[in-house]
Amino acid sequence: MVEEKKKFINRLKSMYALRANIDKMYARTVEASKAGNPTAWCAVNWWEADPILKAMGVEVVYPENYGAVCASAGVAQDYLERSAAEGFPTYLCGYARNCIGYAARMKELGEIPPEAPLGGMARPVLLLNSSALCDARYKWFQSLGRYLDAPVWTVELPHPGVKESQADGAHEQNIRFMVGELKEFIAFLERLLGKKMDWARLDELASAFIEVNRIWYEINELRKARPCPMHSRDFWTCMTASLYPSGDPKESLKLYRDLLAEVKERVANKIGAVAPEKYRLLFAELPPWHDLKIFDEMAERGWSFVVESWAYHPPKPIDLSHVSDPLERVARHTYRWFTGYFANALQEDEYMGYFAYPYLEWARDYQCDGAMLHPLLSCRTATNHLVLVQDRLLSKLKVPSLVAEGDIVDFKTFDHPGTMRKAEAFEEIMDHYRGLRRGEGLPW
Amino acid sequence: MTGNIRVAGEQKQGLARAGQIYHDRDIRMRQLKAEGRKVLGYLDIYPVLEMLTALDLVPFGILGDIKEPISRADACLPTIVCPFLRSALDLGLKGRYDFLDGLVAAHTCEVGEKWAHIWRIYIDLPYIHYIDTPHTTHQSAREHLAVLLSDFQGTLESFTGAKLTPERLRRAIRMHNEQRALVRGLYDLRKPDPPLIAGTEVVQVLVALISLPVEEGNELLRQVIDEVKQRHDGPKKKPARLLLWGSVVDSTDLIAMIEDLEANVVMDDTFVGSRAYFSDVKLTDDPLEGLAEHYLVDIRNPRTFRETALDEANRKDYWADLESRHGYLKDYAREWNVNGVILQTLRYCDIQGYEVPGLKDYLEHIGLPCTYLEWNYSQAALSPLRTRVQAFLEVIG
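Residues numbered from 1 in each chain as written. Chains lettered and ligands numbered in written order. Predicted model: local features only at pLDDT ≥ 70, side-chain atom pairs only at ≥ 80, totals over all residues. Heavy atoms only, no water.

### Focus on empty space enclosed by the protein
Residue and element names in this part refer to chain B.
Right, so step 1: Across all of its chains, the model carries 8 cavities of 30 Å³ or more by this definition.
Right, so step 2: When its volume is computed, the largest cavity comes out at roughly 350 Å³.
Right, so step 3: Elements supplying a minimum of two residues to the lining of the largest cavity: helix H4 (83-93), helix H5 (110-122) and helix H13 (350-353).
Right, so step 4: No other element matches H13, which puts 3 residues into the lining of the largest cavity.
Right, so step 5: Partitioned by chemical class, the residues of the lining of the largest cavity number 13 nonpolar, 5 polar and 7 charged. (1 Å grid on protein atoms, 1.4 Å probe; cavity = no way out; pocket = protein on both sides within 12 Å on 5 of 7 lines; lining within 4 Å. Points joined across faces, edges and corners; volume = space filled by probe spheres on them. Helix = DSSP H or I, 4+ residues; strand = E, 2+ residues; numbered from the N terminus. Nonpolar A, V, L, I, M, F, W, Y, C, P; charged D, E, K, R; others polar.)

Written out as structure tokens, the structure reads:
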């Protein structure tokens with residue numbers, strides 16, 4: 001009789017259906033491509049372009065998600081090496097290099113590479129990226145012109161400074177800019193696809209996406225409970241339905257509602273994702289997709305990851321029911337995601353209102369004992385702010401950080417045993433600072 | 001005071017003066033401070049300097065220092081980001097720029113944006129403003145930038161207590177356009193074979209320019225151009241005439257390494273090189289519109305995304321796309337009679353790094369040999385690069 005391996009993270013049952021729904025997007029896109037329907041490769045755009053593409057009948061896959069898929073399936077390394085052989089510097093984004101290697105191989109074969117997991121990404125008619133957060137993504141899609149003849153479009157997201165964002169008129173000007181941008185994008189899409197926007201459908205989709213994120217936000221708020229009902233592993237699995245909104249949003253809505261019900265039930269019955277919950281931690285930014293089992297080993301030590309990855313969290317909800325123009329609703333929703341913490345940040349003289357400041361707020365609200373920071377050797381976006389986060393958490397809240405360098409795709413850069421050795425010592429540090437916090441009258 | 005600068009009792013002119021300022025960048029700024037002028041630091045080429053000049057503020061270009069080991073910045077910025085930006089922040093933290101009254105930053109790149117926010121947290125200054133320069137050349141982006149510049153104007157007026165009238169701004173634009181024209185005149189001196197001025201000397205002059213008020217910079221340029229035209233001891237003729245492309249080049253070290261070999265660097269497409277100077281700001285009815293157009297559209301820099309060139313079937317034509325993005329380099333190569341290109345990026349520079357394979361395709365397509373160097377903004381990195389450059393020079397003969 002084979003003894004079943006004990007699981008130390010109590011995964012949410014409703015999570016599996018959400019993941020399966022996302023995995024289907026690859027097959028959907030391949031089928032659409034075979035049927036002659038438009039398909040796109042799309043960068044995460046935080047719901048700015050997604051509803052527009054969907055309303056125009058474009059099936060979408062997300063190469064960033066596919067980078068994680070390839071890393072988990074163990075095929076990314078070959079694509080990374082192919083990217084290097086094509087002349088791309090090895091310090092560039094792991095997702096990008098995975099995608100470039102994939103595209104180069106697809107061009108060479110004239111078809112989807114046979115080793116591609118989940119059926120691969122079909123040849124697109126459009127590359128859609130976003131200026132949000134990251135230079136790599138619009139430069140990466142531009143560079144794909146070596147392998148693909150699909151046009152590239154970049155949707156803009158304003159990146160105001162914390163102080164500048166609070167100036168008179170700044171908020172509304174940024175919304176006007178975004179709406180203007182989206183109109184230009186729609187005009188481009190109509191030319192490209194030879195068809196008109198279905199505005200009624202767009203209106204419906206915009207509302208559906210906003211509602212999905214409202215529920216998703218509510219779920220994450222429940223994680224403040226002790227013990228935390230949902231681990232970061234489940235967050236990373238479930239975030240995909242929000243960030244990569246492929247398929248029918250009504251189905252996603254139902255699945256998130258199921259998730260909400262399960263999390264509420266856990267809170268009511270004080271069921272934690274990790275038992276006993278000895279330490280509550282936050283995680284920044286993206287995890288080592290190729291080594292997620294490390295979180296099980298940490299859970300065995302009583303570590304519960306209760307909040308994580310600012311960029312992949314939904315916006316703080318705002319009432320947009322009075323906004324009749326779907327483009328304006330989309331713009332306000334996405335802008336809220338980006339700037340939702342800015343006003344609080346300014347009050348605390350913190351000027352990196354996205355990425356860095358939210359962790360301060362979260363460490364307090366989720367009562368974190370420590371932070372695990374994962375600088376990515378190939379990603380400036382996920383790493384720029386981590387030294388700052390480490391400093392602010394410790395100096396302002398007496399919350400220490402464990403730093404473990406790695407990469408989202410390249411497994412050779414992550415030191416699993418070394419990280420676990422550090423973890424053991426880190427518990428003493430967390431205990432020490434817990435004492436200091438209490439001594440200073442902090443509530444956890 | 002305009003024209004000549006007195007430094008430690010010694011008056012220098014032309015190239016000697018440029019060299020002196022290159023080696024002692026803050027000396028003029030400290031004098032101006034003592035005279036009651038306000039000095040605002042800025043990073044890269046996207047802060048709109050005309051608006052500072054128009055309000056009698058002195059712009060000062062913040063740079064790194066290849067010779068100074070980075071230590072203090074390690075506590076604010078990780079090691080896997082642009083070493084130039086890390087160095088610039090490090091110098092700020094160490095007090096090298098303690099004469100600044102303020103800072104103007106812009107979204108030059110993703111790390112440059114974070115750099116501005118981190119500076120604001122750790123280095124307090126009376127005035128700091130961040131311009132959220134858009135990423136594309138879309139019509140909505142151009143209009144948005146003009147509005148952002150109007151906001152910027154408001155903060156400058158509050159800081160100085162002075163009104164920035166359109167006429168003052170136009171006058172400043174003319175002065176900066178004059179500087180751009182003079183720099184292009186300076187670059188014309190690199191067209192003969194041998195060039196009349198060395199690449200290292202050009203870097204010294206350009207670093208001096210961003211360390212002086214614009215009117216003094218223009219006077220310096222006039223002196224340098226006159227001096228270079230008259231002298232007889234310029235660079236020697238060498239077989240290779242190179243164009244240097246890529247990330248920031250703010251010291252003479254890299255070019256000195258190349259020119260120490262059988263090559264003259266006769267043209268560049270870099271910051272602090274030609275990028276800021278090769279197009280003028282148009283004098284529009286509303287000067288902010290002309291400035292927005294210039295800083296977003298006219299400046300050729302891979303940080304700004306330009307839409308794909310499409311064929312009749314709405315497909316991307318790779319070669320047409322490369323031509324629209326890099327065609328100006330072909331013009332440079334022809335006008336400066338270039339026979340080889342060195343592509344260089346600082347390690348962790350994403351913006352330039354993604355350009356490299358496509359740009360190599362383009363240069364090879366138009367028959368220009370090229371090589372790619374990646375380095376980490378340190379003198380130690382230059383020795384192995386020397387061997388690579390040597391091999392490249394042998395290939396191009």
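Having seen the structure, we can now continue with the description.
### Examining helix H8 (residues 199-209) of chain B
Along an α-helix, residues three or four apart share an orientation, since each turn contains 3.6 residues.
Residue and element names in this part refer to chain B.
Right, so step 1: Of all 11 residues making up H8, 10 are buried, and the element is well covered by its neighbours.
Right, so step 2: Considered for burial, the residues of H8 that qualify are Gly199, Thr200, Val202, Val203, Gln204, Val205, Leu206, Val207, Ala208 and Leu209.
Right, so step 3: Buried-residue contacts for H8 involve helix H1 (14-23), helix H7 (166-188), helix H9 (214-230), helix H10 (253-259) and strand S8 (263-269). (Buried < 20%, exposed > 50% of the residue type's maximum accessible area, 1.4 Å probe, protein only. Contact = heavy atoms within 4.5 Å.)

### Here we look at the interface of chain A and chain B
Right, so step 1: Taken together, the 61 residues of chain A in the interface contact 59 residues of chain B.
Right, so step 2: Taken together, both faces of the contact between chain A and chain B bury some 5,200 Å²; the carbon and sulfur share is 56%.
Right, so step 3: Contact with chain B buries surface across chain A, with A:Tyr91, A:Arg380 and A:Asn384 losing the most and accounting together for 13% of the total.
Right, so step 4: For the pair chain A and chain B, the interface holds 5 salt bridges.
Right, so step 5: Two residues, B:Arg315 and A:Asp149, come together in a salt bridge whose shortest N-O distance is 2.5 Å.
Right, so step 6: Counting across the chain A and chain B interface gives 30 residue pairs in polar contact (both at pLDDT 80 or more).
Right, so step 7: Residue assignment for the side of chain A that touches chain B shows that the elements contributing at least two residues are helix H5 (94-109), helix H6 (135-143), strand S4 (152-155), helix H7 (162-165), helix H8 (170-193) and helix H16 (386-397) of chain A.
Right, so step 8: Here the residues of the side of chain A that touches chain B sort into 32 nonpolar, 14 polar and 15 charged. (Buried area = accessible area lost by both parts, 1.4 Å probe. Salt bridge = Lys/Arg side-chain N within 4 Å of Asp/Glu carboxyl O. Polar contact = N/O pair within 3.5 Å; in protein donor to acceptor, adjacent residues only side chain to side chain.)

### Comments concerning a negative patch on the surface
Right, so step 1: The grouping of B:Glu143, B:Asp285, B:Asp286 and B:Glu289 at the surface amounts to a negative patch.
Right, so step 2: Mapping B:Glu289 onto the fold places it in helix H11 (residues 287-298). (Patch = residues over 30% accessible without salt bridge, like charges linked within 9 Å, V, L, I, M, F, W, Y side chains within 5 Å. Areas by Shrake-Rupley, 256 points an atom, 1.4 Å probe, with all protein chains shown as cover. Lys, Arg positive; Asp, Glu negative; His and termini not counted. Charge placed at Lys NZ, Arg CZ, Asp CG, Glu CD.)

### A short note on the sheet that holds strand S2 (residues 59-61) of chain A
Residues and elements named next belong to chain A.
Right, so step 1: Here 4 strands make up an open sheet; going across it, the order is S2-S1-S3-S4 and the pairing parallel. The sheet is open, and its two borders are formed by S2 and S4, each paired with just one other strand. Pairwise comparison of adjacent strand axes, ignoring direction, gives a mean angle of 30° for this sheet.
Right, so step 2: With 3 bridges joining them, strand S1 (residues 39-42) and S2 adopt parallel strand pairing. Among the inter-strand pairings, Trp41 is bridged to a residue of S2, identified as Val61.
Right, so step 3: Lying on the sheet, H6 is in contact with S1, strand S3 (126-130) and S4; it crosses S3 at an angle near 165°. (Pairing = 2+ DSSP bridges. Axes fitted to C-alpha atoms, helices over the stretch in contact; angles between N-to-C directions.)

### A look at the packing of helix H12 (residues 293-300) of chain A against helix H17 (residues 416-439) of chain A
Residues and elements named next belong to chain A.
Right, so step 1: Here H12 crosses H17 at 25°, and the two axes come no closer than 11 Å. The orientation of H12 relative to H17 falls into the category roughly parallel. With respect to the hand of their crossing, H12 and H17 are arranged in right-handed fashion. Of the residues in H17, those in contact with Lys293, Ile294, Glu297 and Met298 of H12 are His416, Thr419, Met420 and Ala423. (Parallel < 35°, antiparallel > 145°, perpendicular 65-115°, else oblique. Left-handed = near helix turned anticlockwise from the far one by under 90°.)

### Things to note about the domain arrangement of chain B
Residue and element names in this part refer to chain B.
Right, so step 1: What the domain assignment lists for chain B is domain 1 (22-164) and domain 2 (173-396).
Right, so step 2: Just the C-alpha atoms count here: the centres of domain 1 and domain 2 sit 22 Å apart.
Right, so step 3: Counting residues at the interface gives 49 residues for domain 1, matched by 47 residues for domain 2.
Right, so step 4: Buried area between domain 1 and domain 2, both sides added, is near 4,000 Å², and the carbon and sulfur share of it is 65%. (Domains from an automatic or database assignment.)

### Let's talk about the nonpolar core
Right, so step 1: Core analysis: the largest hydrophobic core is formed by 310 residues, its most contacted members being A:Trp41, A:Leu133, A:Leu144, A:Trp310, B:Trp115 and B:Trp119.
Right, so step 2: Examining the composition of this core, we find that 10 residues originate from one element, H8(A), more than from any other.
Right, so step 3: Here this core spans two domains, since at least three of its residues come from each of domain 1 (22-164) and domain 2 (173-396) of chain B.
Right, so step 4: Leave out the neighbours within four places in its chain, and A:Leu144 touches A:Trp41, A:Cys99, A:Ile100, A:Ala103 and A:Leu127. (Core = buried A, V, L, I, M, F, W, Y, C linked by side-chain atoms within 4.5 Å.)

### Brief notes about the packing of aromatic side chains
Right, so step 1: This model, assessed by the stated rule, comprises 47 aromatic pairs over all chains.
Right, so step 2: Ring plane angle 15° and centroid distance 5.0 Å describe the contact between A:Trp310 and A:Trp337, whose orientation is recorded as stacked. Taken together, the residues span a long stretch of sequence, with A:Trp310 in the loop between strand S6 (303-308) and helix H13 (326-339) and A:Trp337 in helix H13 at a distance of 27 residues.
Right, so step 3: For A:Trp310, a relative accessible area of 1% corresponds to the buried category.
Right, so step 4: Note on A:Trp337: relative accessible area 2%, which makes it buried.
Right, so step 5: On the basis of an interplanar angle of 75° and a centroid distance of 5.4 Å, the ring pair of B:Tyr187 and B:Phe278 is categorised as edge-to-face. Here B:Phe278 lies in the loop between S8 and H11 and B:Tyr187 lies in helix H7, a separation of 91 residues in the sequence. (Phe/Tyr/Trp six-rings, centres within 6.5 Å; stacked < 30°, edge-to-face > 60°.)

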